[in-house]
Amino acid sequence: MKIRKAVFPVAGLGTRFLPATKAMPKEMLPVVDKPLIQYAVEEALASGIEQIIFVTGRQKEALEDHFDHRCELEHTLMARSKDNLLMELDALIPESGTIIYTRQHEPLGLGHAIWCARHVVGDEPFAVLLADDLIKADPPVLAQMLNKFEQVQTSIVAVIEVDKRETDKYGILDAQDVGNGLSLVHGMIEKPSPEEAPSNMAIIGRYILMPEIFQILGQKKKGAGGEIQLTDAMALLLEKHPFYACHFKGIRFDCGSKAGFQMANIAFAMERPELRSRLMPFLEKLVKAEH
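Not measured: the values here are computed from a predicted model.

**A few points about the pattern of salt bridges**
Phase 1 of the analysis: All chains considered together, the criterion is met by 14 salt bridges.
Phase 2 of the analysis: Notably, a salt bridge pairs lysine 2 with glutamate 50, separated by 3.1 Å at the nearest N-O pair. Separated by 48 residues along the polypeptide, lysine 2 in the segment before strand S1 (5-9) and glutamate 50 in the loop between helix H1 (36-46) and strand S4 (51-56) bring together distant segments of the chain.
Phase 3 of the analysis: Exposure remark for lysine 2: the relative accessible area of 54% places this residue in the exposed category.
Phase 4 of the analysis: The exposure class of glutamate 50 is partly exposed, given its relative accessible area of 39%.

**Brief notes about the layout of surface pockets**
Gaps left between atoms show up when a probe the size of a water molecule is rolled over them.
Phase 1 of the analysis: Taken as a whole, the second largest pocket spans an internal volume of roughly 250 Å³.
Phase 2 of the analysis: What lines the second largest pocket is simply Asp65, His66, Asp68, His69, Arg70, Leu73, Glu74, Leu89, Leu92 and Ile93.
Phase 3 of the analysis: Mapped onto the lining of the second largest pocket, the elements with two or more residues apiece are helix H2 (61-66) and helix H3 (71-79).
Phase 4 of the analysis: Considering only residue class, the lining of the second largest pocket consists of four nonpolar, two polar and four charged.

**Notes on the packing of aromatic side chains**
A ring pair, where both rings are aromatic, is described by two values, the distance of the centres and the angle of the planes.
Phase 1 of the analysis: Counted under the stated rule, the structure contains seven aromatic pairs.
Phase 2 of the analysis: One aromatic cluster is present, formed by Phe8, Phe54, Phe67 and Tyr101 through successive ring pairs.
Phase 3 of the analysis: Its guanidinium or amino end placed over the ring of tyrosine 39, lysine 34 lies 4.6 Å from that ring's centre, counting from NZ or CZ.
Phase 4 of the analysis: A cation over an aromatic ring shows up here: arginine 118 above the ring of tryptophan 115, its NZ or CZ 3.6 Å from the ring centre.

**As for the packing of H3 against helix H4 (residues 83-91)**
Phase 1 of the analysis: Two elements in contact, H3 and H4, have axes whose closest approach is 8 Å; the angle formed by their N-to-C orientations is 150 degrees. In terms of orientation, H3 lies roughly antiparallel with respect to H4. Crossing of H3 against H4: the hand is left-handed. In contact with Leu73, Glu74, Leu77 and Met78 of H3, H4 contributes Leu85, Leu86 and Leu89.
Phase 2 of the analysis: Looking at the contact of H3 with H4, its residues break down into six nonpolar, no polar and one charged.

Conventions adopted
- Residues numbered from 1 in each chain as written.
- Predicted model: local features only at pLDDT ≥ 70, side-chain atom pairs only at ≥ 80, totals over all residues.
- Heavy atoms only, no water.
- Salt bridge = Lys/Arg side-chain N within 4 Å of Asp/Glu carboxyl O.
- Helix = DSSP H or I, 4+ residues; strand = E, 2+ residues; numbered from the N terminus.
- Buried < 20%, exposed > 50% of the residue type's maximum accessible area, 1.4 Å probe, protein only.
- 1 Å grid on protein atoms, 1.4 Å probe; cavity = no way out; pocket = protein on both sides within 12 Å on 5 of 7 lines; lining within 4 Å.
- Points joined across faces, edges and corners; volume = space filled by probe spheres on them.
- Nonpolar A, V, L, I, M, F, W, Y, C, P; charged D, E, K, R; others polar.
- Phe/Tyr/Trp six-rings, centres within 6.5 Å; stacked < 30°, edge-to-face > 60°.
- Lys NZ or Arg CZ within 6 Å of the ring centre and 35° of its normal.
- Axes fitted to C-alpha atoms, helices over the stretch in contact; angles between N-to-C directions.
- Parallel < 35°, antiparallel > 145°, perpendicular 65-115°, else oblique.
- Left-handed = near helix turned anticlockwise from the far one by under 90°.
- Contact = heavy atoms within 4.5 Å.

Structure follows, in structure tokens:
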């Protein structure tokens, strides 16, 4: 089995970043000079994904426009001989038919958003990427997971270790290390309290899922927060298929939080020599001033 399709749930309201996201999709928030969604799409395409499936909602037109031509801008850049910028914009636009859009009409949770892509995905395993989780890795995290999938041919989630006090923010696994960067999952629970958590191994926004997940999500059972939770559906899928956790190599930034978003901007900016030379003295001065 080969993973050809990737689902991007992008219908969320982005309430944690209000008022910035009042009229702009949260996935369009820029890290240095690229929106979050672009990093995620580039990761998928660099990993060999052939079809991008966006599950959108209302007021997501800017996201769709980002991956399309804007003739007026392109003509202006051409007239001003801004060839490098023109090439950069052109590289944003995948081949026609690569991106497909479907709609989540009600905000019923991550599990429901993925269920909305069922007819586009069809009866084959697929990937899910959450743009909020920006991961700096080489090779890309999804590529690392696809490599593991070739070995196990079943569902895989990317995981990190979190502070025990923060288990109530994640799906948490009960899993056993089996070597080669994988753990065999025995159970999972969505957002448990520290006292209930079986470990501090937390699922983050990269998944490879077997298509049977759609049948489970289609039952529309509500879990934590009154939403249709993906973790609950995966726990039921675990009863039918083996499930693995992938311990990837890379640095994950939680861009769904304000602190994580700022950390990502600093980290990615410091990779640019022209920015690093300006930022480093400023950051050093800022740190000294705090002390």
